[in-house]
Amino acid sequence: MPVITSIEDLRRLYKRRAPRMFYDYAEAGSWTEQTFRENSSDFQDIYLRQRVAVDMEGRSTTSRMIGQDVAMPVALAPVGLTGMQCADGEIKAARAAEKFGVPFTLSTMSICSIEDVAEHTSAPFWFQLYVMRDADYIARLIQRAKDAKCGAMVLTLDLQILGQRHKDLKNGLTTPPKMTIPTMLDLSTKWRWGLGMLGTKRRQFGNIVGHAADVEDASSLMTWTAKQFDPRLDWEKVKDYKRQWGGKLILKGILDAEDARMALQVGADAIVVSNHGGRQLDGALSAIRALPAILDAVGDKIEVHLDSGIRSGQDVLKALAMGAKGTYIGRAYIYGLGAMGEAGVTKALEIIHKELDTSMALCGRKHARDLDRDVLLVPEGFAGKWQ
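Here is what the cut-offs are and how they apply
Residues numbered from 1 in each chain as written. Predicted model: local features only at pLDDT ≥ 70, side-chain atom pairs only at ≥ 80, totals over all residues. Heavy atoms only, no water. Core = buried A, V, L, I, M, F, W, Y, C linked by side-chain atoms within 4.5 Å. Buried < 20%, exposed > 50% of the residue type's maximum accessible area, 1.4 Å probe, protein only. Helix = DSSP H or I, 4+ residues; strand = E, 2+ residues; numbered from the N terminus. Contact = heavy atoms within 4.5 Å. Polar contact = N/O pair within 3.5 Å; in protein donor to acceptor, adjacent residues only side chain to side chain. Pairing = 2+ DSSP bridges. Disulfide = S-S within 2.5 Å. Salt bridge = Lys/Arg side-chain N within 4 Å of Asp/Glu carboxyl O. 1 Å grid on protein atoms, 1.4 Å probe; cavity = no way out; pocket = protein on both sides within 12 Å on 5 of 7 lines; lining within 4 Å. Points joined across faces, edges and corners; volume = space filled by probe spheres on them. Nonpolar A, V, L, I, M, F, W, Y, C, P; charged D, E, K, R; others polar. Right-handed = clockwise from strand over helix to strand, strands pointing away. Arc of directions from axis to C-beta.

Caption draft 1: Quick peek at the nonpolar core. By size, the foremost hydrophobic cluster in this structure holds 113 residues, and its most contacted members are Leu 76, Phe 104 and Leu 251. Of the residues forming this core, the biggest block, eight residues, is contributed by helix H14 (residues 287–298). Those residues in contact with Leu 76, other than ones at most four positions away along the chain, are Ala 93, Ala 97, Val 102, Pro 103, Phe 104, Thr 105, Ile 329, Tyr 333, Val 345 and Leu 349. Judged by nonpolar contacts, the second largest core, of 12 residues, contains Ala 75, Ala 77, Ile 250 and Val 272.

Here's what the structure looks like:
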């Protein structure tokens, strides 16, 4: 086992151990992947102010996200197909998050179902909702999340129409994988993954198969999903889903100040500044570059979180210092999961926590909740002045 000191170490190990189609599914963006790349590279344009001769004893990264105590202001983002990166992946990631003391968010497009995750965890997890045309299915899905005592619903707003991801099309991504010759050759070298998948019954979209009308197997599932993402989602429908849910509501996919104001008007508890990890509108601003204008628009009237591009504890620190109250990691924990299962997710969280804690100390701050722009050197025009 190599010595793992960074998220990049986990990514390299993940690449060796996960099937190519699932590695590419995670490690790719839409179209030219400009936004996918800039989500991470734009963090590097922000520098940290080193401060010295400050008492650093008794540091704490603890905070709160939507009223929930967290060991650090980092949640595990909803990621579809997590259970294909590693057998029972959503269960393993949720257990690691619970033990570490951070929120886990289950995707609608998960392999393990809401009930699977609830059965194997004790802390309330969050549930992410994609809006489908089948209103009866969505109503029952929301009720299932209620029955599982999910702590929040994360409503994703930026996937009404699917952005094209070239690698997924070229790999013929399916769940479970189709046994083509290239796929079989690739899987023959991924014996850890294969043994894990042979040992689990969870190989389909657990929240859909057997729950949506006429979806009982892989072929009917593909037909159903191709027609189901609802392009008619608007702010009135968001209000309806808030009423149906009745609990804490987080709106994910906000990248524009006007949309942030609308989220405030519909009564959301938090918004997530996110471009879906660069997987939807290519050419959109990175999340960290879009954050200042959104904060200017809504101030402290709503809790603002940030997702897309975070690969280190220093990225978390920069997002918090820029004004976000919470952050989400997706690929960073998927790397760990695909590399080492539940232990890999824990390792990813440990790496990010250590980087956050150490960098915070070297910036002269003892508490994550005290981070502000004074610890940053932000270049002029970072947020942009656009015509």
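And the narrative resumes.
Caption draft 2: Quick peek at the side chain of Thr 105. For Thr 105, the position within the fold is in strand S5 (residues 105–106). Judged by relative accessible area, which is 1%, Thr 105 ranks as buried. Here Leu 76 takes part through its backbone oxygen, which lies 2.9 Å from a polar atom of the side chain of Thr 105. Residue contacts for Thr 105: discarding those within four places in its chain leaves Leu 76, Ala 77, Pro 78, Trp 126, Phe 127, Gln 128, Val 154 and Tyr 328.

Caption draft 3: Local environment of the sheet that holds strand S4 (residues 74–76). Spatial strand order, S4-S11-S10-S9-S8-S7-S6-S5: eight strands in an open sheet with parallel pairing. Each edge of the sheet is formed by a strand with only one pairing partner; in this case those strands are S4 and S5. By the bridge criterion, four bridges tie strand S8 (residues 249–254) to strand S9 (residues 270–273) in an arrangement that is parallel. If you follow Lys 252 over to S9, its bridge partner there is Val 272.

Caption draft 4: Just the state of the cysteines, in detail. Using the criterion set out here, one finds zero disulfides in the structure. Here Cys 86 stays unpaired: no disulfide links it, and the sulfur of Cys 112, its closest cysteine neighbor, is 9.6 Å away. The class of Cys 86 is buried, set by a relative accessible area of 13%. Look at Cys 112 and you get buried, because its relative accessible area is 0%.

Caption draft 5: Just the pattern of salt bridges, in detail. Per the stated rule, a full pass over the model turns up 24 salt bridges. Here Asp 69 makes a salt bridge to Arg 64, at a shortest N to O gap of 2.5 Å. Judged by its relative accessible area of 56%, Asp 69 is exposed. The closest approach of N and O atoms between Arg 202 and Asp 88, which form a salt bridge, is 3.0 Å.

Caption draft 6: Structural view of the pairing of strand S11 (residues 326–329). Here S11 shows two buried faces, one formed by Gly 326 and Tyr 328 and the other by Thr 327 and Ile 329. Sheet topology places S4 next to S11; three bridges connect them, and they run parallel. Following the sheet pairing, Ala 75 is matched in S11 by Tyr 328. Summarising the sheet, strand S10 (residues 303–306) and S11 pair through two bridges and their orientation is parallel. Bridge assignment links His 305 to a residue of S11, and that residue is Gly 326.

Caption draft 7: Focus on empty space enclosed by the protein. Following the criterion strictly, the structure yields one cavity of 30 Å³ or more and no others. Empty space within the largest cavity amounts to approximately 40 Å³. What lines the largest cavity is simply Tyr 130, Val 131, Thr 156, Leu 159, Gln 160, Phe 229, Asp 230 and Leu 233. Residues that form the lining of the largest cavity fall into these classes: five nonpolar, two polar and one charged.

Caption draft 8: The arrangement of the pairing of strand S6 (residues 126–129) in detail. Side-chain alternation along S6 places Trp 126 and Gln 128 on one buried face and Phe 127 and Leu 129 on a second face that is also buried. Sheet topology note: the S5/S6 ladder contains two bridges and is parallel. Note on S6: the bridge partner recorded for Leu 106 is Phe 127. Handedness of the crossover is the feature at issue here: the chain leaves S5, passes through helix H6 (residues 114–120), returns alongside S6, and the resulting connection is right-handed. When S6 meets strand S7 (residues 152–156), the two strands line up parallel, connected through four bridges. From the neighbouring strand, Gln 128 faces S7, where its bridge partner is Val 154.

Caption draft 9: Inspection of helix H13 (residues 257–265) at higher detail. When H13 is considered as a whole, its buried residues turn out to be Ala 257, Ala 260 and Ala 263. Looking straight down H13, one finds its buried side chains confined to an arc of 110 degrees; they lie on one side. The elements touched by buried residues of H13 are helix H12 (235–245), S8, S9 and H14. Its side-chain oxygen placed 2.8 Å from the backbone nitrogen of Glu 258, Asp 256 serves as the N-cap of H13. Just downstream of H13, Gly 267 is the residue with a positive phi angle, here 85 degrees.

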